[in-house]
Amino acid sequence: MTQKQLDESTAYLQSKGFDKPEIGIVLGTGLGKLADEIENSIEAHYNHIPFFPLATVEFHSGKLLYGTLENKKVVVMQGRFHLYEGYDFIDVTYPIRVMHQLGIQKLFISNAAGAVNLSFKKGDMMLIEDHINLQGGSPLAFKGVGKFGDRFTDMAEPYDPNLRGKLIDIAKSENIKLHRGVYASVVGPQLETKAEYRMLKIIGADAVGMSTVPEVIVANHLRLPIVAVSVLTDECDPDHLDPVNIQEIIEIASKTEPKMVKLFKELIKKI
Ligand code: HPA
């Protein structure tokens, strides 16, 4: 990744009309419908954006959308890149750097995750307050990272307290159940073993998933305030572990999605 590449990606999107978005939104697995609510939307397929990671076959629908949502200019990633697809940390976080160059001042992230905390149920949502990186690497471990921001990026408060507070208030006033907790990121794509779920619980995770943490690290590198929500799609009980059904995960994510959309839209109104 070079500055020149980022400039070319940004210039391409600007030439398509992506004009100074204020908020960037990443939509997770089964959570793409927020895109339908964007007004006057313009879209750019990932495969057409210069220097974007080359999309795999299963990922052909990935696109970046621009438009207005609750009267604010937004850029939305419909589909994200995962390490488990064979992308590296730089690939996975490249779109975050491009959205930052386009001008976003805040980043909203969503994902589908498994509930490690057994008082959380599938179909519930969790506001991510902190995370544990179990992906075995960092998107900041490259030569010349200092040209883009601090190498030793502080991670004392990676999820913006102000945005978190606002989202908690919104959830209360809208009567939407919103747990709070720690998200652990793994590479995947295999699911966890019972022993791994036990470990995740012991080390303090409330949810586990295969995304988000690289993007959050880069957003902190760029000093971009973040709010992130996990939609809990399955319960990871090591003593009563049902085989995970990816179809069911997507179904539960879709069923829960309207509540997530509501939270994000109300938050946009309040910032
Ligand atoms: N692990 C377990 N369950 C999940 C995950 C995961 O990474 N993602 C969604 N449900």
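Right above here is the structure, for reference.
Draft legend 1. A look at helix H1 (residues 3-15). The terminal C-alpha atoms of H1 lie 18 Å apart, and with 13 residues this matches the ideal 18 Å at 1.5 Å per residue to within 8%. Taken together, the buried residues of H1 touch strand E2 (39-45), strand E3 (63-69) and helix H2 (89-102). The first or second residue beyond H1 is Gly 17, which carries a positive phi of 110°.

Draft legend 2. Region of the structure containing the site of the ligand. Taken together, Ala 112, Ala 113, Gly 114, Leu 191, Glu 192, Tyr 197, Val 208, Gly 209, Met 210, Thr 233, Asp 234 and Ile 249 make up the full set of residues adjacent to the ligand. Glu 192 places a polar side-chain atom, nitrogen or oxygen, 2.7 Å from a nitrogen atom of the ligand. Taking Asp 234, its side chain carries an N or O atom lying 2.6 Å from a nitrogen atom of the ligand. Burial of the ligand by the protein chains amounts to 95% of its free accessible area of 260 Å². Of all elements in the fold, only strand E5 (106-115), strand E8 (207-209) and strand E9 (226-235) reach the threshold of two or more residues within the shell around the ligand. Sorting elements by how many residues they give to the shell around the ligand places E5 first, with three residues.

Calculation notes
Starting afresh in each chain, residues are numbered from 1 along the sequence in its written order. Since the coordinates come from a predicted model, pLDDT governs what is reported: local features require at least 70, and pairs of side-chain atoms require 80 or more to be given and counted, while whole-chain, interface and lining totals use all residues. Side-chain calculation: all heavy atoms of the structure are included, whereas hydrogens and water are not. Helix numbering and strand numbering both begin at the N terminus, where a helix is a DSSP run of H or I of at least 4 residues and a strand a DSSP run of E of at least 2. In a helix, the anticipated span is given by 1.5 Å times the number of residues less one. When checking whether two residues touch, look at their non-hydrogen atoms; a contact exists if any pair is within 4.5 Å. One heavy atom suffices: a residue is near a molecule or strand as soon as one of its heavy atoms comes within 4 Å of it. Between N or O atoms, a polar contact is any pair within 3.5 Å; within protein, one atom must be a potential hydrogen donor and the other a potential acceptor, and residues adjacent in sequence are included only when both atoms are from side chains. A 1.4 Å probe and the Shrake-Rupley method give the accessible areas. Residues count as covered only by the protein chains that appear here.

By themselves these figures say nothing about function.
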